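Each chain, letter by letter, is given below.
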Amino acid sequence: MPESFEMLKFIARRRSASGRKGLNGSKSTTRNRPADRKPSDYEAHHALVDGLERFNGAMEAPSLERIKALRVLEQEGLPLQHKVIEQYLRNQEILKLARQVLWRECHLFWAQLALAHVNLLKQAVKRPARDTLKSWLAVLAMKSIRYTALSFRWGYHQGQMPTVFSWRRLNKIYRLAERAQVAEVEIEENGQKTSCAREYSLALLMDLAHPAGLKPADIELAAQILESLPALPLPGMRPSAQGPSHAVDLTTGQGAFKLDDGWVPGNRLRYLDVGRLCDQIEQAQDALPTDQARYFSRQLAGIIERGGVRRGSPRTESGRRYWVAVGMEAILAILDSQRSAGTKPTLEPWLSKDVSKEGMGFVAEEGTPLALGELLLVSEEPAANNWQLLVVRWNRSEDGKMLVGAQCLSRHPIGVCCASPEQPDQVPTRMVFMPLLDTREGLSNLLLPRSVFDEGLELKLYGGNLAYRLLLGAAVEEHGDWIRSGLEVLAREPVEKVA
């Protein structure tokens, strides 16, 4: 194993350089011993990546010595990887060239570690190495899944979604772990227990969080939140008694998807119920350090529960200018002014990058990043009072511009006033009524302040010459201090009869 031993010699030299004593008994310094200068973290990391590439390129027979050599590379490389990741996250807004170099270095490390473990796993299930490596099978499968998922995650930092081939390979690895009966074998790593099933679930859930549109720090925060949860929903061959919410087809090249009412059981499917996961995320948010992180946690739970943010219809390239109002206060002011001569708030000109039946992509001047779940009101012709209500699903900075992906909630939002029938003298609360894009999906929704919302609450909605008695349904989604709620219309009456 000449390539592996050369890499181990480098590690030994680096350890020796860090602990070598000078003539006076103190550690030597770069000034006194320039020839013995300790390699920087980046240089050492680069050498380790190079060593992994040579390890993977070597045509050597599988053996316990080869596995042990890989473990040394892994154990030496992980602390360096974490240091380089910290540098990468710190340099997001400072040195763009350094940011790209550091990203590439980190991505190569995960990809090479994944390849090394996958190659050994393939050999471990075949003769003649099967008997020799049998005791390592669970570890090799778990790490093949973990590092493949980490290479996926690092691709998200550049807006790259895993390819069909990559998903097909990950799904095959998990099927192999199942067939070898090691999918749920617990393995202790650095004081924490994990398994192939848990690592695979993390990969599926991370993909459902639609991370390609997130900032690098938010991608890592999402991963941190998911990894901290003690009881992830593990893929099961049989649906749970409550009914599964998501599934993954192990024979295809894609991740998990949300199930609808017409799903069909099948041997190729593995089921997940993320309902309890969302409850765990809600409980775990109290431990997060900032209000912004806790708000992000709530959004993360909602996106995963909805099955991610995926476009089911094709995109059309577009370069049209839209006028955009950001935030509920501005949205209400515009919708209220449609009925009166009120002053409209200042609008921002954004260019559309692409459009689909489900939403739009925008290019805006770089400014304060928009939070996930931020509400937008957009129109090509504000004077015509033809507005669409959208919600931000992802955003990122690129070449001094802000790219925003937004999902359309309603093409005809209406500003309304609602009051409680039990308190007729109370000042009505301003809300937004949102006719659904497709009436086959169910009832329309209502955007109302969180302080007012209560599932099952009866409200009276005033619109034109009519008043509607409504019953609020469950919360569909949260937007800062606002909640999007389902509703049921109980009755409709002329305003004169109920005033």
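As shown above, the structure is provided for reference.
Nothing here was measured: the structure is a model prediction, and the numbers come from that model. (Residues numbered from 1 in each chain as written. Predicted model: local features only at pLDDT ≥ 70, side-chain atom pairs only at ≥ 80, totals over all residues. Heavy atoms only, no water.)

Draft legend 1. Representation of the overall build of the chain in the model. The number of helices and strands found in the chain is 13 helices and 18 strands. Buried residues in the chain amount to 48% of all 499 residues. The long-range fraction of contacts in the chain, counting pairs at least 24 apart against all pairs at least 6 apart in sequence, stands at 66%. (Helix = DSSP H or I, 4+ residues; strand = E, 2+ residues; numbered from the N terminus. Buried < 20%, exposed > 50% of the residue type's maximum accessible area, 1.4 Å probe, protein only. Contact = heavy atoms within 4.5 Å.)

Draft legend 2. Here's a closer look at the sheet that holds strand β5 (residues 269-272). Spatial strand order, β4-β3-β5: three strands in an open sheet with antiparallel pairing. The two strands at the open ends of the sheet, each matched to only one other strand, are β4 (257-258) and β5. Sheet topology note: the strand β3 (residues 246-249)/β4 ladder contains two bridges and is antiparallel. Following the sheet pairing, H246 is matched in β4 by K258. (Pairing = 2+ DSSP bridges.)

Draft legend 3. Summary view of the packing of aromatic side chains. Evaluation of the coordinates by the stated rule reveals seven aromatic pairs. An angle of 50° between the planes, with centres 5.4 Å apart, marks the rings of Y88 and W154 as tilted. With Y88 in helix α3 (residues 64-90) and W154 in helix α6 (residues 137-156), this residue pair connects regions lying 66 residues apart in the sequence. Just as Y88 is buried, W154 falls in that class too. Ring centres 5.5 Å apart and planes at 65° place the aromatic pair W350 and F362 in the edge-to-face group. Of this pair, W350 sits in strand β8 (residues 348-355) while F362 sits in strand β9 (residues 359-365), placing them 12 residues apart in sequence. Neither W350 nor F362 differs from the other in exposure class; each is buried. Among the aromatic side chains, those forming a connected cluster through ring pairs are F109, W110 and Y147. Above the face of the F55 ring, R66 is positioned so that its terminal group lies 3.8 Å from the ring centre. (Phe/Tyr/Trp six-rings, centres within 6.5 Å; stacked < 30°, edge-to-face > 60°. Lys NZ or Arg CZ within 6 Å of the ring centre and 35° of its normal.)

Draft legend 4. Up close: helix α12 (residues 328-337). Burial of α12 is extensive: eight of the 10 residues sit out of reach of the surface. Those residues of α12 lying buried are M328, A330, I331, L332, I334, L335, D336 and S337.

Draft legend 5. How the structure looks around the pairing of β9. For β9, a buried count of five out of seven residues is recorded, marking the element as mostly surrounded by other parts of the structure. With antiparallel pairing between neighbouring strands as the criterion, β8 and β9 make up a hairpin whose turn holds three residues. In terms of strand pairing, β9 meets strand β12 (residues 401-410) through seven bridges, oriented antiparallel. In the strand pairing of β12, V363 is matched with L403.

Draft legend 6. The packing of helix α2 (residues 41-57) against α3, seen in detail. Viewed as axis vectors pointing N to C, α2 and α3 meet at an angle of 145°, and their least axial separation amounts to 9 Å. The hand of the α2/α3 crossing is left-handed. Counting all contacts with α2, which are made through D41, A44, H45, L48, L52 and F55, the residues of α3 involved are R66, A69, L70, L73, E76, G77, L80, Q81, K83, V84 and Q87. Residues that form the contact of α2 with α3 fall into these classes: nine nonpolar, four polar and four charged. (Axes fitted to C-alpha atoms, helices over the stretch in contact; angles between N-to-C directions. Left-handed = near helix turned anticlockwise from the far one by under 90°. Nonpolar A, V, L, I, M, F, W, Y, C, P; charged D, E, K, R; others polar.)

Draft legend 7. Seen up close, the nonpolar core. In terms of nonpolar packing, the biggest core is built from 85 residues, with W110, Y200, L205, L226, L277, I281 and I304 touching the most fellow members. It is α6 that provides the largest number of residues to this core, a total of 13 residues. If near-sequence neighbours (up to four positions away) are discounted, L226 is found in contact with R198, L202, L205, M206, L232, L277, I281 and I304. With 17 residues, the next largest nonpolar core counts A325, M328, L389 and V432 among its residues. (Core = buried A, V, L, I, M, F, W, Y, C linked by side-chain atoms within 4.5 Å.)

Draft legend 8. Structural view of the environment of S144. By secondary structure assignment, the location of S144 is in helix α6. In this structure, the C-alpha to C-alpha distance between S144 and A114, residues 30 residues apart in sequence, is 5.4 Å. S144 has contacts with H117, V118, L121 and I173, leaving out every residue within four places of it along the chain. Only 3.4 Å separates the side chain of S144 from the backbone nitrogen of V118, close enough to count as a polar contact. (Polar contact = N/O pair within 3.5 Å; in protein donor to acceptor, adjacent residues only side chain to side chain.)

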